[in-house]
Amino acid sequence: MHWSTDGNAFATVEQGNLVKTDIRSGRKIALIAKEKFQKSGSNQPLAITDFAFTPDSSQVLIFTNTARVWRYNTRGDYYLLNKATGQLRQLGSGSSPLPAQSFMYAKFSPDGKKVAYVSDHNLFVEDVATGQRTQLTTDGTRKRINGTFDWAYEEEFDCRDGFRWSPDSKSIAYWQVDATKIRDYLMLNTTDSIYSHVVPVEYPKVGENPSPARIGIVSATGGKTNWLAIPGDPQQHYLVRMEWFPTANTIIVQQLNRKQNESKLFVCNPANGSANLIATETDKAWIDGKDRWNPDGPAGWEWLNGGKAFIWVSEKDGWRHIYRVNTDGKQEVLLTPGAYDIASINRIDEATNQIYFIASPDNTNQRYLYRTRLDGKGKAERVTPAGLSGTHGYTISPNGRFAMHTFTNYQTPPVLEWISLPDHKPINESASIATRVNPVAKSNISFFKLTTDDGITLDGWMAKPTDFDSTKKYPVVFYVYGEPASSTVNDVFSVGINRLFLGDMAKAGYVYVALDNRGTPNLKGATWRKAIYRQIGRINIRDQAMGAKKLFSQHAYLDTSRVAVWGWSGGGSTTLHLLFQHPDIYKTGISIAAVGNQLFYDNIYQERYMGLPQENREDFVAGSPITYAKNLRGNLLYIHGTGDDNVHYDNAEVLINELVKYNKQFQVMPYPNRTHSISEGEGTSEHLRTLYTNYLLQHCPPGPR
């Protein structure tokens, strides 16, 4: 969805056509028929993944034929369509065409006269009118990466698009990541040919220096790159954000140190490379990046007053709050004071001196829209009306007058409407959420709080069996994650639903439960979230186990002889820990794509939350499942994709070796060449669900006793 310039309409692809929709009337206007996207000699139009218009709307840039780079489809082909002439031209074509499906992040210059893109780790600029191509960098390789990022930056900082046009369209600032000294993790493809072949992934493991990154500025007409002289050892810090000032020929950069507990902001001069430090922030644990509070990732900068100030988010007072900061770093104003966290920033509306954000001070499992004044002289007011308790989301128009409003809770499938702001009135009453909301009866599901014997209050939900009889005993299945990347207790429709179980767990006769331990990213303040620092594999595991014990003491209908636990990725690690550290509680576990040894995961994630193994290796050892594998007494099903570029298959193999060493019997299922999602290949998802379900039915039998 792309907004119109005035913010009163948006454009989308519908059945291959580009269509403009007026928000107030709902009227749809055909902008470009799909036949216009038909290449010469083809009877099929291009399948449009994304698109963009020049400022005057005379040209359309089409992204198509996409392919995955790690998790996302960010590589493909781009075409330019001239609306007046109907000419459809592929970028990178000509007498020496660039490789097909190699193009990334193509975007128009602000004046609409050029397009810049990355191909094979180099930057190019192409003239819209003539098609003349200029190569801006020539040293790009798999390990010297221009204009985009390596695996770790993309996965852990959400950094993918690595170049920015200057406001005057004359220059481009870009990242260069030097992964030449980063060792490859060698995945082995054994199924796609009769001889196996190696798939190398540049992957900095815990304890390894980061890939050095630097930022350069190059003319759009080509020439020498001028590199910013940002202080510090590039092997001991990260450059996680960079943008041009909106009007001046100046750049702002955020630098994180390797431990990610010190953030510095530099204002840089592209002409001479100088970098002036304007702000520093430190934390005893870690500092979250923008990708934590902005669903669109770290791109962009929230400028105010033409670049004289900007919006910043910090937890320095113990809560995630919004600040207004002058670009000289000499003045900042707290905009959201109070004992609550903001979840995300949704729109800055300078015209009305308002900023919209998501928060939920009274129930951290829900989400609502708030707004407050940009000058710090107001008090936050809730915009979401009372009445629909649950999780609300908003995509707000650039003019701040309209929003696409989504709503869900544990009883309500996701539903949407268009509203006006700030009054939050539906644009079309007949299509409003109020008239179309369709709750599903889920009387068996309840949210609760419990306080463990350690004095820790945990949030949780429970889905009881159909035809529940409190005089009988039922098996309980715990769904876990437990690490800082995600939480499991949210008021959304998926509560109580197990997507891997074939059938209905409630009808089968299971009690299904989730608990959120300390360290999960709930809106409970920085102390809650950062209690897990250097304690992954310990504090989160104790909270889960103590929470289970408290549940058992409160509910006699929970059968402590039939207790299962499962999770994926960090949840797979949590599952292993619970089975190994608390075999008296958890009798059966299904662990998927787990980190078996923290020293095997990437440095950005693991060092952020655990420190450096050169300084506190004992924490990494104490937090790794293999350390406790010898304690296994129950039933374990371990599942992993051998082509997992995220949590490598060596995690599985070292865990298997440790279990073999102590003669621990278990079941393992490797999925050849599947990634972290274990979704590739015909029949894979059905096989995984069948395997999961059969194992649970066999080792944790359902039904009352």
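Computed from a prediction, not measured in an experiment: that's the story for all the values here.

Definitions and cut-offs
Residues numbered from 1 in each chain as written. Predicted model: local features only at pLDDT ≥ 70, side-chain atom pairs only at ≥ 80, totals over all residues. Heavy atoms only, no water. Salt bridge = Lys/Arg side-chain N within 4 Å of Asp/Glu carboxyl O. Helix = DSSP H or I, 4+ residues; strand = E, 2+ residues; numbered from the N terminus. Expected span 1.5 Å × (residues − 1). Contact = heavy atoms within 4.5 Å. Core = buried A, V, L, I, M, F, W, Y, C linked by side-chain atoms within 4.5 Å. Buried < 20%, exposed > 50% of the residue type's maximum accessible area, 1.4 Å probe, protein only. Pairing = 2+ DSSP bridges. UniProt positions renumbered as here; feature names shortened; annotations may be inferred. Patch = residues over 30% accessible without salt bridge, like charges linked within 9 Å, V, L, I, M, F, W, Y side chains within 5 Å. Areas by Shrake-Rupley, 256 points an atom, 1.4 Å probe, with all protein chains shown as cover. Disulfide = S-S within 2.5 Å. Axes fitted to C-alpha atoms, helices over the stretch in contact; angles between N-to-C directions. Parallel < 35°, antiparallel > 145°, perpendicular 65-115°, else oblique. Left-handed = near helix turned anticlockwise from the far one by under 90°. Nonpolar A, V, L, I, M, F, W, Y, C, P; charged D, E, K, R; others polar.

1. Structural notes on the pattern of salt bridges
Enumeration according to the criterion identifies 34 salt bridges in this entry. Notably, a salt bridge pairs aspartate 459 with lysine 524, separated by 2.6 Å at the nearest N-O pair. Taken together, the residues aspartate 459 in strand E37 (residues 457-463) and lysine 524 in the loop between strand E39 (511-516) and helix H4 (526-530) connect sequence positions 65 residues apart. One salt-bridge network, held together by shared partners, links Asp283, Glu315, Arg320, Asp341, Arg529 and Lys530.

2. Observations regarding helix H9 (residues 650-661)
Over its 12 residues, H9 runs 16 Å from end to end, which matches the ideal 16 Å to within 8%, given 1.5 Å per residue. For H9, the secondary structure elements touched by its buried residues are strand E16 (184-189), helix H6 (570-581), strand E42 (635-641) and strand E43 (667-671). Just downstream of H9, asparagine 663 is the residue with a positive phi angle, here 55°.

3. Examining the nonpolar core
Of all hydrophobic cores here, the largest spans 87 residues; its most connected members are Ile251, Val253, Phe478, Val513, Phe580 and Tyr586. The dominant element in this core, judged by the number of residues it contributes, is helix H5 (residues 539-554), at six residues. Residues in contact with isoleucine 251, not counting those within four places in the same chain, are Ala173, Ile217, Leu228, Met242, Glu243, Trp244, Phe245, Phe266, Val267, Cys268 and Pro270. Among the nonpolar cores identified, the runner-up in size contains 29 residues, and Val489, Phe501, Met505 and Ile639 belong to it.

4. Focus: the sheet that holds strand E4 (residues 28-32)
Taken together, the four strands give an open sheet; going across it, the order is E1-E2-E3-E4, and neighbouring strands pair in antiparallel fashion. The sheet terminates laterally at strand E1 (2-3) and E4, the two strands that pair on one side only. In terms of strand pairing, E1 meets strand E2 (residues 9-14) through two bridges, oriented antiparallel. Residue histidine 2 lies in a different strand from E2, and its bridge partner there is alanine 11.

5. Comments concerning the UniProt feature "domain: Peptidase S9 prolyl oligopeptidase catalytic" (unreviewed entry) in the protein chain
UniProt marks residues 505-692 with the feature "domain: Peptidase S9 prolyl oligopeptidase catalytic" (unreviewed entry), using the numbering shown here. Between the end C-alpha atoms of residues 505-692 there is a gap of 13 Å, over a span that is 40% helix and 18% strand.

6. Things to note about the environment of proline 234
Within the secondary structure, proline 234 sits in the loop between strand E19 (226-227) and strand E20 (237-244). For the pair proline 234 and asparagine 209, spaced 25 residues apart in sequence, the C-alpha separation works out to 9.4 Å. Not counting the four nearest positions on each side in its chain, proline 234 is found in contact with Ser211, Pro212 and Ala213.

7. Some remarks on a nonpolar patch on the surface
A grouping of Leu186, Leu188 and Val198 is seen on the molecular surface, where their side chains present a nonpolar patch of about 280 Å² in accessible area. Summarising the element assignment, valine 198 is placed in strand E17 (residues 197-202). Under the relative-accessibility criterion, valine 198 is labelled partly exposed at 46%.

8. Observations regarding the state of the cysteines
Within the structure shown, the criterion is met by zero disulfides. Free of any disulfide, cysteine 159 has its nearest neighbouring cysteine sulfur in cysteine 268, separated by 16 Å.

9. Some thoughts on the sheet that holds strand E38 (residues 474-479)
Spatially, E36-E37-E39-E38-E40-E41-E42-E43 is the arrangement adopted by the eight strands of the open sheet, whose pairing is mixed. Of all the strands in the sheet, just strand E36 (445-451) and E43 have a single pairing partner and so form its edges. The average angle at which neighbouring strand axes cross in this sheet is 20°, direction not considered. Relative to E39, E37 runs antiparallel, the two being bridged by five bridges. Along E39, the bridge assignment pairs tryptophan 461 with alanine 514.

10. Digging into the packing of H5 against H6
Running from amino to carboxyl end, H5 crosses H6 at an angle of 65°, the nearest separation of the two axes being 10 Å. Overall, the two elements H5 and H6 adopt an arrangement that is roughly perpendicular. In this structure, the crossing between H5 and H6 has a hand that is right-handed. In contact with Asn540, Ile541, Gln544 and Ala545 of H5, H6 contributes Thr574, His577, Leu578 and Gln581. Class assignment for the residues of the contact of H5 with H6 results in three nonpolar, five polar and no charged.

11. Details of the pairing of strand E10 (residues 114-119)
Burial runs high along E10: five of the six residues are buried. Of the pairings in the sheet, the one linking strand E9 (residues 103-108) to E10 comprises four bridges and is antiparallel in character. If you follow methionine 104 over to E10, its bridge partner there is valine 118. Connecting E9 to the antiparallel partner E10 that follows it, the hairpin turn spans five residues, and glycine 112 within it adopts a positive phi of roughly 75°. Note that E10 and strand E11 (residues 122-127) share six bridges and pair antiparallel. Bridge pairing in E11 links alanine 116 to valine 125. Counted along the chain from E10 to the antiparallel partner E11, the turn is two residues long, and its residue aspartate 120 has a positive phi close to 50°.

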